[in-house]
Amino acid sequence: DLYITGLPKYDKNKWDKEADKIVIMLTWRPWEYNILRNDINHSPYYNTLKKIINAVPDSLKEKIILMPHPLTLESLQNSELSKYILEDFIYDDVLKDTKILITDYSSIAYDAFYRGSNIIFYWEEKDFCMEQYGGHLMLNEDNVFGKVCYNERNLDEIVEKEYKSEQKQEYIAKYEKIVQ
């Protein structure tokens, strides 16, 4: 017998209805580890983060928090993006204040959405990354529970719109279906 009990991991997760942070967190890319450590400027991971940050409207830039994967943290703390990285942070505390999460396909999207955050999926390099991982992504155009953006061209408009919006019923339904 299988009992549907929900997701106990989320039982104590909270979200502040006044949340105002724009959190950027990309999935770890192990094939870039040495590039990040030796020549960060040639890392697609780093350059993607820069594109996303640059696309956030100037009026919202002070709301940005960059939450890098722990294995990229040291490299990014020594870069021009360090001003967006909190000195000492706990993921749960940051997610409580997240209005928008911008990610590629990180599982943190499920946690942030559950709390009430809007999600923007930045999929410029999705296909290449999936080839590197040797797998496929469960999320796709049909079931994704947030806005999908394939490049930085219209990301500023999407961020501004999502920042002012509540979660859409369409995304809530898709999320619930995936979780079930």
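In this report, we go over the structure that sits alongside the text. Note that the structure is a prediction, hence the values are computed from the model and not measured.

Conventions used here
- Residues numbered from 1 in each chain as written.
- Predicted model: local features only at pLDDT ≥ 70, side-chain atom pairs only at ≥ 80, totals over all residues.
- Heavy atoms only, no water.
- Pairing = 2+ DSSP bridges.
- Helix = DSSP H or I, 4+ residues; strand = E, 2+ residues; numbered from the N terminus.
- Buried < 20%, exposed > 50% of the residue type's maximum accessible area, 1.4 Å probe, protein only.
- Polar contact = N/O pair within 3.5 Å; in protein donor to acceptor, adjacent residues only side chain to side chain.
- Contact = heavy atoms within 4.5 Å.

Judged from the four bridges that link them, strand E1 (residues 21-24) and strand E3 (residues 98-103) form a sheet pairing that is parallel. Across the sheet, the residue bridging to Val-23 is Leu-101, located in E3. Looking at chain direction, E1 and strand E2 (residues 64-66) are connected through three bridges and run parallel. Note on E2: the bridge partner recorded for Ile-24 is Leu-66.

We now examine the pairing of E3. Buried residues dominate E3, accounting for six of its six residues. As judged from the four bridges shared by E3 and strand E4 (residues 118-122), these two strands associate in the parallel manner. For Ile-100, the partnering residue across the bridge sits in E4 and is Asn-118.

Along the chain, Asn-54 falls in helix H2 (residues 44-55). Separated by 109 residues in sequence, Asn-54 and Tyr-163 have C-alpha atoms that sit 16 Å apart.

Counting through the fold element by element, Lys-174 comes out in helix H8 (residues 169-179). Polar side-chain contacts of Lys-174 include one of 3.4 Å to the backbone oxygen of Asp-142. Excluding its chain neighbours within four sequence positions, the residues that come into contact with Lys-174 are Glu-141, Asp-142, Asn-143 and Val-144.

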